[in-house]
Amino acid sequence: MLNILIVDDNYNYLESLFNELNIQLSQKLRIIAICNDGEKALNYIMNNRIDIILLDLNIPKLNGIEILEKMQKNNIKNYVIAMSGDSDFIVELIKKNLKVYKTFVKPFKLENLISILNEIVYAETQNIDYTKIINLLNNFNFNKNSIGYTYIIDCLNYCIEKKITFITHINELYNQISNKYSNISYSNISWDIAKAIQVMNKSTDDKIFDKYFSYSKYPSPKTFLNGILNIYYSK
């Protein structure tokens, strides 16, 4: 069972989140603490074993960005799911390239959070290092709030779960990812991934492509996904 810490200062939101997690994930996750300000949260993080942190970025005393910076400085590694209704915090998170597993912009559907938590639980039970994928993607200048970036992570995680080392038919992969969502077609996923990679290609330093994709300066979605898988399996 994984330990989860919830950091948020909105009581009504905390109540609904706590109840939902207890209903759906009580056999997989244990909520070990709830903190409503950054100082309490950081103290708890520094002194307890935590697997997952649900971290609202806009909290008093120490905000979520400051907590993440101190965690990074102390080499504290957890699955961090960042949440905020304030776009300024999301922008700062991206600019500072702080490593989080997933970012949610409030308001969001709790079912989407449940899906991500189930993904983490599965990864831990199967000994899959999903954080390695996130760390690899952090080398590239993605808009981490784009839906295409989320689909890219979905594709890579699916391949790792299924032990796929090379994607031969990209549309078959997109079909598998579309099954995860009730109202998203594979063509939507294809377009959103292509757009996310196109934007990333334009904003990522050429030296990064020379390091990871010396054979292709501006990789296509299929080339990019296969390249990341190759790096994942070779390290």
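Residues numbered from 1 in each chain as written. Predicted model: local features only at pLDDT ≥ 70, side-chain atom pairs only at ≥ 80, totals over all residues. Heavy atoms only, no water.

**Points about the pattern of salt bridges**
Any two side chains of opposite charge can pair, on the condition that their charged atoms come close.
Now for step 1: Applying the stated criterion across every chain, the model contains seven salt bridges.
Now for step 2: Between D37 and K61 there is a salt bridge; the shortest N-O distance is 3.8 Å. Here D37, found in the loop between β2 (29–35) and α2 (38–47), pairs with K61, found in the loop between β3 (52–56) and α3 (64–73); they are 24 residues apart in sequence, far enough to count as distant.
Now for step 3: For D37, a relative accessible area of 4% translates into the label buried.
Now for step 4: Residue K96 pairs with E69 through a salt bridge whose shortest N-O separation is 2.9 Å. You can see K96 sitting in the loop between α4 (87–95) and β5 (102–105) and its partner E69 sitting in helix α3, a full 27 residues away along the chain.
Now for step 5: Among the charged side chains, a salt-bridge network with shared partners connects D8, D56 and K106. (Salt bridge = Lys/Arg side-chain N within 4 Å of Asp/Glu carboxyl O. Helix = DSSP H or I, 4+ residues; strand = E, 2+ residues; numbered from the N terminus. Buried < 20%, exposed > 50% of the residue type's maximum accessible area, 1.4 Å probe, protein only.)

**Comments concerning the packing of helix α7 (residues 147–161) against helix α11 (residues 221–234)**
Now for step 1: At a minimum axis distance of 11 Å, the contact between α7 and α11 shows a crossing angle of 50 degrees. When the axis of α7 is compared with that of α11, the two are oblique. Considering how the two elements wind past one another, α7 and α11 form a crossing that is right-handed. Taken together, the residues of α11 that come into contact with α7 (itself represented by I152, C155, L156, C159 and I160) are F224, L225, I228, L229, Y232 and Y233.
Now for step 2: Looking at side-chain class alone, the contact of α7 with α11 contains eleven nonpolar, no polar and no charged residues. (Axes fitted to C-alpha atoms, helices over the stretch in contact; angles between N-to-C directions. Parallel < 35°, antiparallel > 145°, perpendicular 65-115°, else oblique. Left-handed = near helix turned anticlockwise from the far one by under 90°. Contact = heavy atoms within 4.5 Å. Nonpolar A, V, L, I, M, F, W, Y, C, P; charged D, E, K, R; others polar.)

**Considering the packing of aromatic side chains**
Now for step 1: Counted according to the given criterion, the structure contains twelve aromatic pairs.
Now for step 2: Judged by centre distance (4.5 Å) and plane angle (25 degrees), the ring pair of F104 and F108 falls under stacked.
Now for step 3: A residue is classified by how much of its surface remains accessible, and F108, at 17% relative accessible area, is buried.
Now for step 4: The interplanar angle of 90 degrees and the centroid separation of 5.3 Å between the aromatic rings of Y232 and Y233 together place this pair among those described as edge-to-face.
Now for step 5: Among the aromatic residues, those joined into a ring-pair cluster are F140, F142, Y149, F209, Y212, F213, Y218 and F224.
Now for step 6: The ring of F104 has K102 lying over it, and the distance from NZ or CZ to the ring centre is 5.6 Å. (Phe/Tyr/Trp six-rings, centres within 6.5 Å; stacked < 30°, edge-to-face > 60°. Lys NZ or Arg CZ within 6 Å of the ring centre and 35° of its normal.)

**Considering α2**
Now for step 1: Of all the positions in α2, only G38, A41, L42 and I45 are classed as buried. Take α2 and look down its axis: the buried residues cluster within an arc of 95 degrees, on one side only.
Now for step 2: In the core, the buried residues of α2 are packed alongside β1 (2–7), β2, β3 and α3.
Now for step 3: One side-chain oxygen at the N-terminal end of α2 lies 3.0 Å from the backbone nitrogen of E39; it belongs to D37. (Arc of directions from axis to C-beta. Polar contact = N/O pair within 3.5 Å; in protein donor to acceptor, adjacent residues only side chain to side chain.)

**Side note on the pairing of β1**
Now for step 1: Summarising burial for β1: six of the six residues are buried, a large majority.
Now for step 2: The alternating pattern of β1 places L2, I4 and I6 on one face and N3, L5 and V7 on the opposite face, and all of these are buried.
Now for step 3: Here β1 runs beside β2; their pairing, made up of six bridges, is parallel. Among the inter-strand pairings, L5 is bridged to a residue of β2, identified as A33.
Now for step 4: This β-α-β element, β1 to helix α1 (residues 11–25) to β2, shows right-handed connectivity.
Now for step 5: Pairing of β1 with β3 involves four bridges; the strand directions are parallel. Its bridge partner being in β3, L5 is matched across the sheet by I53. (Pairing = 2+ DSSP bridges. Right-handed = clockwise from strand over helix to strand, strands pointing away.)

**Description of the sheet that holds β1**
Now for step 1: A sheet is described by the order of its strands in space; here five strands give the open sequence β2-β1-β3-β4-β5, paired in parallel fashion. At either end of the open sheet lies a strand with only one pairing partner, and these are β2 and β5. Sheet twist, expressed as the average angle between the axes of neighbouring strands with direction ignored, equals 20 degrees.
Now for step 2: Sheet topology note: the strand β4 (residues 79–84)/β5 ladder contains four bridges and is parallel. Within β5, the position partnered with I81 by the bridge is K102.
Now for step 3: Packing against the sheet, helix α5 (residues 110–125) makes contact with β1, β2, β3, β4 and β5, and its axis sits at approximately 170 degrees to β4.

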